[in-house]
Amino acid sequence: MSVVKKVGVGSLWVLLVLVTAIVTAAVKQRFDDGPNRVFSGGALVSGELHLGPEPDWSFVNDIATIELQLLEPEQSRRIWTASVDGKVYVWSGYMNSLVGKLWKSWPAQAERDGRAVIRVDGVRYERQLVRIKSGAGMEELTALMNEKYSSQATPATIDSGDLWMFEAAPRNTAGAH
Amino acid sequence: MQNLYVRIAAVVAVTALSVLVIPGVDDAVELFFQIVVLVASS
């Protein structure tokens with residue numbers, strides 16, 4: 001067997017191991033309590049359920065990511081967040097790109113059924129994701145997002161549909177925007 | 001050829017079991033995947 005063929009065959013075996021490992025890890029995560037890094041997790045089970053008055057969400061501006069779970073389907077993911085005027089927002093970017101259309105399914109699922117649970121610092125909050133389609137009045141939020149995550153969000157990217165913005169409003173409300 | 005299929009099945013099974021059973025392997029695999037995605041998207 002030539003050296004080139006040996007390297008080719010060896011590479012295929014390595015590829016088989018890597019693909020198997022990645023698929024297995026992704027499937028395993030679906031049955032865990034929440035997400036880990038990039039793979040979606042299962043329902044958020046552990047943690048106290050917040051039942052008190054609506055908190056001032058500005059504390060999430062000091063937190064890199066939160067865990068977000070939809071009720072339909074019961075899958076969770078780690079996600080960026082920011083708060084302005086005491087409200088909490090989550091979003092999904094690159095929605096007009098091929099990667100966004102193939103990779104990101106939760107925004108469309110959230111638009112169909114916005115019932116969600118978020119977990120922050122081990123505390124779970126029942127929320128209703130309400131999509132904001134207009135960037136008008138979102139300048140302060142997008143500026144905060146850019147400062148916090150070095151992203152390039154603008155009200156125009158919300159208008160164009162490239163950035164899907166959601167207010168994680170209290171459950172059973174229509175949102176405030 | 002049949003021997004090849006058996007070897008493939010064995011590699012898949014051992015790899016999957018390792019990820020499922022050995023603590024920390026799943027996290028390491030996810031970290032590797034995260035880095036690959038980051039590199040590919042940059």
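Throughout, a residue's number is its position along its own chain's written sequence, starting from 1. Chain labels run from A onward and ligand labels from 1 onward, assigned in the order the entries are written. Only residues with pLDDT of at least 70 get local features here, since the model is predicted, and only at 80 or more are side-chain atom pairs given and counted; chain-wide, interface and lining totals rely on the full set of residues.

Attention now moves to the overall build of chain A. Note on conventions: DSSP H or I runs of at least 4 residues are helices, E runs of at least 2 residues are strands, and numbering of each starts at the N terminus. Per the secondary structure count, chain A includes five helices and eight strands. Secondary structure elements of chain A, listed N to C terminal, follow the sequence α-β-β-β-β-β-α-α-β-β-α-α-β. In terms of its C-alpha atoms, chain A occupies a principal-axis envelope of roughly 70 × 35 × 30 Å. By the convention adopted here, residues make contact when the C-beta atoms placed from their backbones lie within 7 Å. Within chain A, contacts between residues separated by at least 24 positions form 60% of all contacts whose residues are at least 6 apart in sequence.

For the rest of this paragraph, the subject is the interface of chain A and chain B. Across the contact, 13 residues belong to chain A and 15 residues belong to chain B. Following the grouping adopted for this structure description, the nonpolar residues are Ala, Val, Leu, Ile, Met, Phe, Trp, Tyr, Cys and Pro, the charged ones are Asp, Glu, Lys and Arg, and the polar ones are all others, Gly among them. Partitioning the side of chain A that touches chain B into residue classes produces eight nonpolar, three polar and two charged.

Residue and element names in this part refer to chain A. Once C-beta atoms are placed from the backbone, each residue is buried if 20 or more other C-beta atoms lie within 10 Å of its own, exposed if 12 or fewer, and partly exposed for counts between those two. Counting buried residues along strand E6 (residues 115-120), five of its six residues qualify, which places the element largely inside the surrounding structure. Following DSSP output, two strands are said to pair if at least two bridges run between them. As paired strands, strand E2 (residues 66-70) and E6 are joined by four bridges and run antiparallel to one another. Directly across from Gln69, in E6, lies its bridge partner Val117. Alignment of E6 against strand E7 (residues 123-132), held across six bridges, turns out to be antiparallel. By the bridge assignment, Val117 is partnered in E7 with Glu126.

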